[in-house]
Amino acid sequence: MSQTVREKIKARMSEFGIEPKRSLGQNFLVSDSVVEKIIKGAQLDKYKQVVEIGPGLGALTDHLIDSKKDLTLFELDKKFSEYWRNRGQNLIEGDALKYPWEEYSWSKGPSVLISNLPYQISSRVVVELSIMASSFDRMVLMFQKEVAQRLMAEPGTPDYGLLTVVAQVYWDVYLLLEAGSVDFLPKPNVASRVVVFTRKDNINKDLCTKDFLNFVKSAFVNRRKKLLPKLQAYQDKAQLLKTFEGLGFDEGVRAEKLSPRQFIELYLSIKK
């Protein structure tokens, strides 16, 4: 009888004397059904390059190795890094948020990122990889439930904000599955969701900049306040009023009411 994911992870923890580090957000995935759905949702057959951030003890990694793809692992924990190096894997030890992703070999072919992300870095990973002109073609990522809700929120709802706009400007986003505390070891105190991101085609290069990100950030500062006064660093009030009128925006509109598409239209109009 084949070993379950839970049995495999427990055996590796025992063998290497590994205890999860809460400071690193380590909650090991131990559910066979969740692992199976994530691997299926990754659609590995469509991609040449596969990256996993935080392989840990390999609930997902073993399947990625079996896929025979060009696999790169990012791991911050030294003990885990040593384990995967000893298994002959291409591993980059360090913080994925500090990696110069613009130098990654994007030209090798279509790429997919898979990760049971540490919750404290999940939002930053999405933002950093979204605004890059060259980025992954697909991402299958685990999030705390509340973060997943923000990624998929609708304009005018309490969860709608900067993360929503950034995600939906660059990606088609959908929910793959929900995971409960029983699917992890140790059990986290929060519910989780796996979200799939598929990179949109023909993204305007003017949107792949920190300037666009800062524009959206400015819009959501004091989100209950009107949008127009917060954008006067980009245009004077008279010109902004003309821009708003041309786009059919009420001058009293708030950022939370604009869709991602309307943010694009507003930014590009101001840039002209």
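Refer to the preceding data block for the structure.
Calculation criteria
- Residues numbered from 1 in each chain as written.
- Predicted model: local features only at pLDDT ≥ 70, side-chain atom pairs only at ≥ 80, totals over all residues.
- Heavy atoms only, no water.
- Salt bridge = Lys/Arg side-chain N within 4 Å of Asp/Glu carboxyl O.
- Helix = DSSP H or I, 4+ residues; strand = E, 2+ residues; numbered from the N terminus.
- Patch = residues over 30% accessible without salt bridge, like charges linked within 9 Å, V, L, I, M, F, W, Y side chains within 5 Å.
- Areas by Shrake-Rupley, 256 points an atom, 1.4 Å probe, with all protein chains shown as cover.
- Expected span 1.5 Å × (residues − 1).
- Buried < 20%, exposed > 50% of the residue type's maximum accessible area, 1.4 Å probe, protein only.
- Core = buried A, V, L, I, M, F, W, Y, C linked by side-chain atoms within 4.5 Å.
- Contact = heavy atoms within 4.5 Å.
- Pairing = 2+ DSSP bridges.
- Axes fitted to C-alpha atoms, helices over the stretch in contact; angles between N-to-C directions.

Asker: Honestly, the pattern of salt bridges in this entry has me stumped. Any pointers?
Answerer: Following the criterion strictly, the structure yields 11 salt bridges and no others. The closest approach of N and O atoms between Arg 224 and Glu 256, which form a salt bridge, is 2.9 Å. Within this pair, whereas Arg 224 is found in the loop between α8 (210-220) and α9 (237-247), its partner Glu 256 is found in the loop between α9 and α10 (260-271), the two being separated by 32 residues in sequence. A network of salt bridges, in which partner residues are shared, links Lys 8, Arg 12, Asp 62 and Arg 87.

Asker: For this particular structure, what's the right way to read a nonpolar patch on the surface?
Answerer: A surface patch of nonpolar side chains, about 220 Å² in accessible area, is lined by Met 152, Tyr 174 and Leu 175. For Met 152, the location among the structural elements is in the loop between α6 (145-151) and α7 (162-170).

Asker: Would you mind going over α10 with me for this structure?
Answerer: Helical geometry: 3.6 residues make up each α-helical turn, so side chains three or four residues apart lie on a common side. Taking 1.5 Å of rise per residue, 12 residues should cover 16 Å, and α10 covers 17 Å from first to last C-alpha, within 8% of that figure. Of the positions making up α10, those classed as buried are Pro 260, Phe 263, Ile 264, Leu 266, Tyr 267, Leu 268 and Ile 270.

Asker: How should I be thinking about the nonpolar core in this particular structure?
Answerer: One recurring pattern in soluble globular proteins is that nonpolar side chains are buried together. Counting residues in hydrophobic clusters, the biggest one holds 58 residues, and the most contacted among them are Trp 101, Phe 143, Phe 197 and Phe 263. Excluding residues within four positions of it along the chain, Phe 263 makes contact with Tyr 160, Val 165, Phe 212, Phe 215, Val 216, Ala 219, Phe 220, Ala 255 and Leu 258. Membership of the second largest hydrophobic core comes to 35 residues, among which are Phe 28, Leu 29, Leu 71 and Val 194.

Asker: Explanation requested: the sheet that holds strand β2 (residues 49-53) in the structure shown.
Answerer: Backbone hydrogen bonds are what pair the strands of a sheet, in a parallel or an antiparallel way. Strand order across the open sheet formed by seven strands is β4-β3-β2-β5-β6-β9-β7, with mixed pairing between neighbours. Here the strands that pair on one side only, and so sit at the sheet edges, are β4 (90-93) and β7 (171-179). Going across the sheet, the axis of each strand differs from the next one's by a mean of 20 degrees, ignoring polarity. Here β2 pairs with strand β3 (residues 70-75) via five bridges, running parallel. The residue of β3 that forms the bridge with Glu 52 is Leu 73.

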